[in-house]
Structure formats: C-alpha cells, structure tokens
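Here is how the chains run, residue by residue.
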Amino acid sequence: MARNRFPALRTSRFRVSCAAKLETVNKVCEIVRKQLALPPETDLTPESKFSSLGADSLDTVEIVMGLEEEFGISVEEESSQNITTVQEAADLIEKLVQKKEA
Amino acid sequence: MNPLLRSAMIPMNTLCFQRNFAACSRALVPVQLPSRSETHLWYVVPDEVKSASLLGQYSKILSPCEKEYISCVRGERLKKTALLARVLVRTTIARYQTNGQVDPSSLKFRKNIHGKPELEWDENDHGSPPPIHFNISHTASLIACGVTVNSPIGIDLEEKDRKIKNNIVSFARRYFTAHEVEMLSSIPDPETQRQHFIKLWTLKEAYVKALGKGFSALPFSTFTIRSRNSSRNCQSRDLSDSSSSDAEIVVESVDGSSSLMNSWQFTLLELAGTHFAAICVESDGSIGGRVFTPRKVTARKTIPFVEDEFHPGTDAVVLGGL
C-alpha cells in the first residue's frame, strides 16, 4: 500500500541515489587527475589513495577546494583527514549534498 | 683482464661501493648533534640517485612495515621517493651516534595521534634516548630531513615554480586568515603573488607539523604568519625591499592570544636553487631573550653511504622576512 501511495517518488529516489554515486566517483576522479596531472594510463579506482598517487598536502587541499566548487558544498578542515581516497571523497560529498538538500 | 686485477686498480672508495656494501654501511659519516640554537638540514636529490644496486641496498635497511607501504605506492618514481625519504631519516639519525654506533635499520619509529613520525626508543636496549627531534618533507624532486636537539621541529618544502590550480586569492579566502588574504591581494604581480603564496604555505605547514598536528587538526584559518615588521593593517609594501633581511617571521593566533606563540622560530630558505623550504622550531626562550637572533641552519646534501656535500652559502640561502 505504501508503495502505491508515492510510487514515483520512491523509484526515482532510488534511481537517483544509485546513479549519483557513480557519477560522483567519476567527477572526483576527473578532478584528481587534473590536480595531480596524472598521465592518462594511470589506473585510478575508487580505492586509489591520493598519497600513493603523489599528492602532497597542498594537492589534497586543492582537490577538496575543487570538489567544493564542483558540488557546491563546504568541507570542514577537520574532515579533510578523512578524505584519503576517491571513494572517501565521493562518500563525503554525497553526505554533504544530501544534508544541503534536506 | 682478470676482474680481480681490474678491481685492484680502481680507487678505494669506488671499490668499496661496488664490491661490498656491508663494508660501506660504516661509511655513514658521523656528525655532532646540532647545538640547541641550531638546525641541521639534510637533503637528497632523487634524480641524482641512479644506481639500481644502491637502491636495492637501501631497501634492505627498511622495516617490513615500510617495505609494505612502498609496495602500495604507484609508479617507480613515487616508490623511489618514498624509499629515499625513509632511508634519509634512518641514516640521518644514525649519524648522530649518541649511544655508540647505530645501525640505521635498527631504528624504530611510531606515529603520534595525528600521524607525525617520531623515534621510538627502547631504553633497556639502548640506554637513554637521544634528544633528537626530526621532521621530513619531500616533493617529486627533493627530500629533506630537519634535525634539532630538544626542540620540536616541522619542515616543509615546495618547488619554487609550483603552479596553483585554483585562484590564489580565492584559495586564501577559503583557507587562510583575513590578514593573509589582504597581504596576498596587495601583490600586483601574479608571479610574485604566487611565490609569496608558496612561501606562506610552507611556513604554515611547517608550523602545524612542528606542533605535531597537521592541517586537519589545526586549520590554517586559525593562525596568521607574517613578518614582524609588517603592520597588522597591512598596507601594500614593496616585497623586494631587501632591508627587511632580518625581519622576523612570527605566528599569531587569529583570536589575538599571541603571547603563547613567541616560542616558535621560523626560517625560510631557498634550497638547492629549486625549492622554498620552511623550518619551524620551538625555542625554549632562553636563547637571545626577545632580541631576534636568526636561528642557524646547516644544510648538507647527501647520498647516504656514498657522499655528503656541504656548500655553505649556496645550497641553502636564508630568505629574510616573508
């Protein structure tokens, strides 16, 4: 019964949150590639650690700033220590975007 | 020609290097500890370390944990930098031989809660711990290790020509203090502004590293770093004015409680002609009172076990003021 009451809202919400995750990860990868000037053949996965890709602290902060501008969010400096991989960045972005839209 | 005969004709140091690396491990030139008012800075230029067999020998002095970390690093160049950074720390500390000859591979390290590496010392095995404090920084093209006695130290390096992807003033507005934004905005020439930004970044990084905290534990918007002779209201001034060569670099808290911060001494240098390097050291206040005495920095270039070079006045040039 609940399913029939708001069918469009439920299905569309489910669809959006799935697609957004992959899209978010891809956007993060794009920003990381640009900041670190990675050669195209460099393998970049959600588990890729920024430090293993050669990012120093200034690179990480620049990446976070790029993400803030891209997604219209604000990342507390305290959280930046938790952004060590592409996946962690994408997860935090999702959380902040949802909070913003709530 | 018989290889033994040929090797007998090669100068002694090369023979040592080629034939028996174990013998060379005693070739780490021992050094006296820095005095309480001095900082030692050791650096390696990775591009000058080419020998595959030397790099192989370097790997042998690492701990299993360090070897595993390096195996996770992507790409040969980054792996080499990670290796050289750890070798630099181990061999540098071993040089100070405060408890007799120290095998660099026997040193143990741990990290504080914010991830700053520290020496872990077993008093039962080795007697009282050396009063050494150290900190390391590296870029793709330079690795440096700063050493002090009895004073926490933080260092940071950046390549002089490092480009910033974001707009500098926007970046400063987001992460720095209002005073620093004003200072940067007042610089008309983009190249001078970029260099000033890099210097400021290295100083701020060196400070949070000296505190053992890092960027996330101590946001850069909570403290200002400036030259003591620059006014708080920050009028535009000529940054190429070399009469500020003895201008002290100071840190103050944004909330105005600057009295706690007089114990931090900063040195800004140009290193190896290619990098800006910032060093931050806690001074115990007993040196020089409140008269500004620049801290002495002794920089030495090294390829551990192979050679050390000391070119005073050229490889490390102290930049006065900010």
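Each chain carries its own residue numbering, running from 1 in the written order of its sequence. Each chain is given a letter, starting from A, and each ligand a number, starting from 1, according to the order in which they appear as written. Given that this is a predicted model, residues contribute local features only at a pLDDT of at least 70 and side-chain atom pairs are listed and counted only at 80 or more, while totals for whole chains, interfaces and linings are drawn from all residues. Note: side-chain values were computed over all heavy atoms of the structure, leaving out hydrogens and water.

## A look at the interface of chain A and chain B
No. 1: The contact criterion used throughout is that any non-hydrogen atoms of two residues lie within 4.5 Å. Contacts between chain A and chain B engage 26 residues on the former and 22 residues on the latter.
No. 2: For any pair of parts, buried area is found by adding up, for both, the accessible area (1.4 Å probe) each one loses once the two are put together. Buried area between chain A and chain B, both sides added, is near 2100 Å², and the carbon and sulfur share of it is 50%.
No. 3: The three residues of chain A that bury the most area against chain B are Leu58(A), Met65(A) and Glu77(A), which together make up 32% of that side's buried surface.
No. 4: Salt bridges are defined as contacts in which a side-chain nitrogen from Lys or Arg sits within 4 Å of a carboxyl oxygen from Asp or Glu. The tally of links between chain A and chain B comes to four salt bridges.
No. 5: Nitrogen and oxygen atoms within 3.5 Å of one another constitute a polar contact, given that in protein one can donate a hydrogen and the other can accept it, and given that sequence-neighbouring residues count only through two side-chain atoms. Where chain A meets chain B, there are eight residue pairs in polar contact (both at pLDDT 80 or more).
No. 6: Looking at the side of chain A that touches chain B, the elements with two or more residues in it are helix H2 (7-36) and helix H3 (57-71) of chain A.
No. 7: No other element matches the ten residues that H3(A) contributes to the side of chain A that touches chain B.
No. 8: Gly falls in the polar group here, along with every residue not listed as nonpolar (Ala, Val, Leu, Ile, Met, Phe, Trp, Tyr, Cys, Pro) or charged (Asp, Glu, Lys, Arg). Per-class residue counts for the side of chain A that touches chain B are six nonpolar, eleven polar and nine charged. Labels follow the DSSP assignment, with helices taken as runs of H or I lasting at least four residues and strands as runs of E lasting at least two, numbered in each case from the N terminus.

## Thoughts on the sheet that holds strand E4 (residues 132-138) of chain B
Paired through their backbone hydrogen bonds, the strands of a sheet run either parallel or antiparallel.
Residue and element names in this part refer to chain B.
No. 1: Paired strands, as defined in this entry, are two strands with at least two bridges between them according to DSSP. Pairing is mixed across the open sheet formed by five strands, whose spatial order is E4-E5-E1-E11-E12. Strands with a single pairing partner mark the edges of an open sheet, and in this sheet they are E4 and strand E12 (307-309). Mean inter-strand twist for the sheet, computed between neighbouring axes without regard to direction, equals 25 degrees.
No. 2: Two strands pair when backbone bridges link them, and E4 and strand E5 (residues 143-149) are joined in this way by seven bridges, in the antiparallel orientation. Its bridge partner being in E5, His133 is matched across the sheet by Thr148.
No. 3: Lines fitted to C-alpha atoms define the axes, with helix axes restricted to the stretch in contact, and inter-axis angles between N-to-C directions lie between 0 and 180 degrees. Across the sheet, helix H6 (residues 76-95) is in contact with strand E1 (38-44), E4, E5, strand E11 (296-303) and E12; its angle to E5 comes to roughly 25 degrees.

## So, the sheet that holds strand E10 (residues 275-282) of chain B
All names here are of chain B.
No. 1: The sheet built from four strands is open, its strands ordered E6-E10-E9-E13 with antiparallel pairing. Since the sheet does not close on itself, it has two edges, and those belong to strand E6 (153-159) and strand E13 (316-319), each with one partner. Put simply, the sheet's adjacent strands are angled 25 degrees from each other on average, direction ignored.
No. 2: Bridging between strand E9 (residues 264-271) and E10 involves eight bridges; their strand directions are antiparallel.

## Some words on the pattern of salt bridges
Close approach of charged atoms lets side chains of opposite charge pair.
No. 1: Per the stated rule, a full pass over the model turns up 19 salt bridges over all chains.
No. 2: Here Glu30(A) makes a salt bridge to Lys27(A), at a shortest N to O gap of 3.2 Å. Taken together, the positions of Glu30(A) and Lys27(A), both in helix H2 and three residues apart, correspond to about one turn of that helix.
No. 3: Only protein chains enter the area calculation, which uses a 1.4 Å probe; residues under 20% of their type maximum are buried, those over 50% are exposed, and those in between are partly exposed. By relative accessible area, which is 48% here, Glu30(A) ends up partly exposed.
No. 4: The partner of Lys296(B) in a salt bridge is Glu38(B), and the shortest N-O contact between them spans 3.9 Å. With a gap of 258 residues between them, Lys296(B) in strand E11 and Glu38(B) in strand E1 connect regions that are remote in the sequence.
No. 5: One continuous salt-bridge network, built from bridges that share partners, spans Asp56(A), Asp59(A), Glu158(B) and Arg162(B).

## Describing the pairing of E9(B)
Residues and elements named next belong to chain B.
No. 1: For E9, the buried fraction is high: seven of the eight residues fall into the buried class.
No. 2: Taking the residues between adjacent antiparallel strands as the criterion, E9 and E10 are bridged by three residues, where Ala272 takes a positive phi near 60 degrees.
No. 3: Where E9 meets E13, four bridges bridge the pair, whose relative direction is antiparallel. The partner of Leu268 across the bridge, within E13, is Leu319.

## What about the UniProt feature "domain: Carrier" (unreviewed entry) in chain A?
No. 1: As recorded in UniProt, the feature "domain: Carrier" (unreviewed entry) lies at residues 22-97 of chain A.
No. 2: Annotated as residues 22-97 of chain A, this span is 55% helix and 0% strand, and its ends, taken at the C-alpha atoms, are 15 Å apart. UniProt positions are given in the numbering used here, feature names are shortened, and annotations may be inferred rather than shown by experiment.

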